[in-house]
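# Secondary and tertiary structure notes
Here are the chains, one letter per residue:
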Amino acid sequence: MTIAFLNGDYMPLSEARISPMDRGFLFGDGIYEVIPTYKGRAVGFKGHTTRMAQGLKAIEIKNPYTVDQWQDILSTLVEKNTAFIESGNIGVYFHVSRGTDTKRFHAYPKNIEPTVFGFAFEIAPPQPTIASDAKPFKVALQQDKRWQRCHIKSTSLLGNVMHYQAGVDAGVSETILYNSEGMVTEASSCNVFIVKDGCISTPPLNHELLPGITRAIAIEAFKQAGLVVTETWFSKEALLDADEVWLTSSSKEVAPVIEVDGKTIGSGQVGPVWEKAINAYQAYKFEA
Ligand code: PMP
């Protein structure tokens, strides 16, 4: 059983109900977050709630809760679901939609209350800190066909879903994306890092990619560990020519990639810089 949160109440997920007139359902009109927790300790709570507040502001939905109230909902969901998720690796999903209207009309309705939904689910265990223990990813590569506001963590995810599915259809587990100029932006559900000659790079933030919380924590962790990391654009050719490629996300942490679009990256093994990077990340993540 999973215990969910819906509009102020906790209940079994199977009993949670919303109206089909909810604008989240009709238009994907909402903002969401996924916050990872390990044995009850959250990673990046401040970053996640700040990004959610910014997303809600961008689409003019009033943030229904204070940071303390979000903290309380997170802790309660973790506590209530711990009995069902024995590993203690628990992701908490928060979703705020504009709410339920009486008609289907594009403009933002006035005076409706947001719908607030949360639930907990099992996530992968923390990444191991030894390269030979890591499970590397193979990914596809596609031109980014999504909208021009990828910095907003919108629940309208069809563009991302279609890119992700293209990877699944190709027999791999993610899809890295590049813009119309051939520069890598992010992946369908992760940020992207490369390593070339010992230097770590990730694309800088703009409207073409999500400001990942794991990305931000990783950059800080790497800097503190004395690793060289820059926020610079790199092309899809540079991606394929990199010594190492990594994905970052709340559920994958910093994950090594050994094949992109059928091409082997570097030696085809999880790289030595990844091992340093994941050690730095694991040592720092709960401090962020
Ligand atoms: N980019 C996209 C498109 C995402 O959906 C996500 C989250 N799954 C990320 C990057 C990584 O963000 P975070 O580190 O905050 O999970």
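Preceding block: the structure.
The following paragraphs examine the structure supplied in this document.

Rolled over the atoms, a probe as big as a water molecule pinpoints where empty space is left. Each pocket or cavity is described by its volume, and for the largest pocket that value is around 820 Å³. Forming the boundary of the largest pocket are 37 residues, of which Tyr32, Lys153, Leu157, Ser188 and Ser189 lie nearest the centre. The set of elements that each furnish at least two residues to the lining of the largest pocket consists of β3 (30–38), α2 (45–58), α4 (158–169), β9 (184–187), α5 (213–224) and β13 (244–249). The element that contributes the greatest number of residues to the lining of the largest pocket is α4, accounting for six residues. Within the lining of the largest pocket, the residues separate by chemical class into 15 nonpolar, 16 polar and six charged.

This paragraph deals with a nonpolar patch on the surface. On the surface, a cluster of nonpolar side chains totalling about 330 Å² of accessible area is made up of Leu158, Val161 and Met162. Position of Met162 relative to the elements: it lies in helix α4. Using a relative accessible area of 56% as the deciding quantity, one classes Met162 as exposed.

Attention now moves to the site of the ligand. For the ligand, the set of nearby residues contains 19 residues, the closest of which are Glu186, Ser189, Ile213, Thr214 and Ser250. In the model, an oxygen atom of the ligand is placed 2.9 Å from a nitrogen or oxygen of the Arg51 side chain. Burial of the ligand by the surrounding chains reaches 90%, relative to a free accessible area of 390 Å². Under a 2 Å grid-point criterion requiring more than half of the atoms, the pocket assigned to the ligand is the largest pocket.

This part covers the packing of aromatic side chains. Going through the model one piece at a time under the given rule, you end up with 13 aromatic pairs. Considering the side-chain rings of Tyr65 and Trp70, the 5.2 Å spacing of their centres and the 90 degrees angle between planes classify their relative orientation as edge-to-face. Given the relative accessible area of 1%, Trp70 is considered buried. With a centroid separation of 6.2 Å and 65 degrees between ring planes, the pair formed by Tyr93 and Phe117 is classed as edge-to-face. Placement of Tyr93 in strand β5 (residues 89–97) and of Phe117 in strand β6 (residues 115–122) is noted, with a sequence separation of 24 residues between them. Judged by its relative accessible area of 17%, Tyr93 is buried. An aromatic cluster is present here, built from Phe5, Tyr10, Tyr65, Trp70 and Phe94 joined pairwise through their rings.

Across the nine residues of β5, nine count as buried, placing the element largely inside the fold. Neither face of β5 is left uncovered, since the one carrying Asn89, Gly91, Tyr93, His95 and Ser97 and the one carrying Ile90, Val92, Phe94 and Val96 both have all their residues buried.

The subject of this paragraph is the packing of α2 against helix α3 (residues 67–81). With their axes 11 Å apart at the nearest point, α2 and α3 run at an angle of 120 degrees to one another. In this view, α2 runs oblique relative to α3, as classed from their interaxial angle. You can see that α2 and α3 cross each other, and the crossing is right-handed. In this structure, α2 uses Phe45, Thr49 and Met52 to contact α3, whose residues at the interface are Val67, Trp70, Gln71 and Leu74. Tallied by class, the residues present in the contact of α2 with α3 amount to five nonpolar, two polar and no charged.

Attention now goes to the side chain of Thr115. The topology assignment puts Thr115 in strand β6. With near-sequence residues (within four places) excluded, Thr115 lies in contact with Leu6, Asn7, Ile18, Asp22, His95, Val96, Ser97, Arg98, Gly99 and Thr100.

As a further point, take helix α7 (residues 272–284). Compared with an ideal rise of 1.5 Å per residue, which puts 13 residues at 18 Å, α7 spans 19 Å between its outermost C-alpha atoms and is within 8% of the ideal. All of the buried residues in α7 are Val273, Trp274, Ala277, Ile278, Ala280, Tyr281, Gln282 and Tyr284. Considering only its buried residues, α7 is in contact with β10 (191–196), β11 (199–202), α5, β13 and β14 (253–260).

Conventions and cut-offs
Residues numbered from 1 in each chain as written. Predicted model: local features only at pLDDT ≥ 70, side-chain atom pairs only at ≥ 80, totals over all residues. Heavy atoms only, no water. 1 Å grid on protein atoms, 1.4 Å probe; cavity = no way out; pocket = protein on both sides within 12 Å on 5 of 7 lines; lining within 4 Å. Points joined across faces, edges and corners; volume = space filled by probe spheres on them. Helix = DSSP H or I, 4+ residues; strand = E, 2+ residues; numbered from the N terminus. Nonpolar A, V, L, I, M, F, W, Y, C, P; charged D, E, K, R; others polar. Patch = residues over 30% accessible without salt bridge, like charges linked within 9 Å, V, L, I, M, F, W, Y side chains within 5 Å. Areas by Shrake-Rupley, 256 points an atom, 1.4 Å probe, with all protein chains shown as cover. Salt bridge = Lys/Arg side-chain N within 4 Å of Asp/Glu carboxyl O. Buried < 20%, exposed > 50% of the residue type's maximum accessible area, 1.4 Å probe, protein only. Near = heavy atom within 4 Å. Polar contact = N/O pair within 3.5 Å; in protein donor to acceptor, adjacent residues only side chain to side chain. Sits in = over half its atoms within 2 Å of the grid points. Phe/Tyr/Trp six-rings, centres within 6.5 Å; stacked < 30°, edge-to-face > 60°. Axes fitted to C-alpha atoms, helices over the stretch in contact; angles between N-to-C directions. Parallel < 35°, antiparallel > 145°, perpendicular 65-115°, else oblique. Left-handed = near helix turned anticlockwise from the far one by under 90°. Contact = heavy atoms within 4.5 Å. Expected span 1.5 Å × (residues − 1).

It is worth stressing that arrangement in space is one thing and function is another; only the former is reported here.
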